[in-house]
Amino acid sequence: MRIGHGYDVHRLVPGRPLVLCGVEIPYDKGLEGHSDADAATHALMDALLGAAALGDIGKLFPDTDERTLGIGSLKLLDEVVARVRGKGYALGNADITVVAQAPKLSKYTEAMRRTLAAHLFADVGRVNVKATTEEGLGQVSTQGIAAHAVVLLEETHPRVRAL
Ligand code: MG
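Residues numbered from 1 in each chain as written. Predicted model: local features only at pLDDT ≥ 70, side-chain atom pairs only at ≥ 80, totals over all residues. Heavy atoms only, no water.

J.: Could you give an account of the coordination of the magnesium ion, with specific residues and numbers?
T.: For the magnesium ion, the full set of protein donor atoms is Asp8 (OD), His10 (NE2) and His42 (ND1), and the range of their distances to it is 2.1 to 2.2 Å. Motif for the magnesium ion, donor spacing along one chain: D-x1-H-x31-H. In this pair, Asp8 is assigned in strand β1 (residues 2-14) and His42 in helix α1 (residues 39-51), connecting sequence segments 34 residues apart. His42 carries the same exposure label as Asp8, and that label is buried. (Donors = N, O, S within 2.8 Å, 3.2 Å for Na, K, Ca; no water. Helix = DSSP H or I, 4+ residues; strand = E, 2+ residues; numbered from the N terminus. Buried < 20%, exposed > 50% of the residue type's maximum accessible area, 1.4 Å probe, protein only.)

J.: Break down the packing of α1 against helix α3 (residues 73-86) for me, citing the residues and quoting the values.
T.: Where α1 contacts α3, the two axes come as close as 10 Å, and the packing angle between them is 10 degrees. Overall, the two elements α1 and α3 adopt an arrangement that is roughly parallel. Listed contacts from α3 to Thr41, His42, Leu44, Met45, Leu48 and Leu49 of α1 are Ser73, Leu76, Leu77, Val80, Val81 and Val84. Split into classes, the residues belonging to the contact of α1 with α3 amount to nine nonpolar, three polar and no charged. (Axes fitted to C-alpha atoms, helices over the stretch in contact; angles between N-to-C directions. Parallel < 35°, antiparallel > 145°, perpendicular 65-115°, else oblique. Contact = heavy atoms within 4.5 Å. Nonpolar A, V, L, I, M, F, W, Y, C, P; charged D, E, K, R; others polar.)

J.: Give me the nonpolar core: which residues, what numbers.
T.: The biggest cluster of nonpolar side chains holds 47 residues, and the ones touching the most others in it are Leu20, Leu44, Leu48, Leu116 and Leu120. For this core, the secondary structure elements donating two or more residues are β2 (18-20), β3 (23-25), α1, α3, β5 (89-99), α4 (109-119), β6 (127-132) and β7 (144-155). When residues of this core are assigned to their parent elements, the largest contribution, nine residues, is made by α1. Ignoring anything within four residues of it in the chain, the contact list for Leu120 reads Leu44, Leu48, Leu77, Val81, Leu91 and Val127. (Core = buried A, V, L, I, M, F, W, Y, C linked by side-chain atoms within 4.5 Å.)

J.: Tell me about the pairing of β6, and name the residues and values.
T.: With six bridges joining them, β5 and β6 adopt parallel strand pairing. Looking across to β6, one finds that Ile96 is bridged to Val129. In terms of handedness, the path from β5 via α4 over to β6 forms a crossover that is right-handed. (Pairing = 2+ DSSP bridges. Right-handed = clockwise from strand over helix to strand, strands pointing away.)

So, to be careful, I would describe these as geometric facts and stop short of saying anything about function.
Spelled out as structure tokens, the structure:
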């Protein structure tokens, strides 16, 4: 088994759609970034890459690449999942925490789980998404949205290790 951790932050700005875990959330602001700026999917991708020792999304998808300008992060997730599966790993489980002062996200977390699970080739029972505020005390969570992710990967064909 392999464990990975990911963290990401994007700034909330007017005039952008708000997308988290691939789910569009009605709000008067959205996250600023090169892609759709889905901070939760970005944290998840970094956790997957971390667990598989495949680097990070900044290296894989540099924000200087015109081809990924405005791209939906689920497309980037598909590429990450293909690389992780290609290395012989399947998802054990993923746990994502979205940190936002606003908007309220609890009614969207089930849709987020289902969306991510489908892209991870995993049963929805292996994916958890939760949301928290920072009680107004966080500079990041009042000006943007942050996300943490931890992932456990399992080898699909464990090698017999030499002693
Ligand atoms: Mg990001």
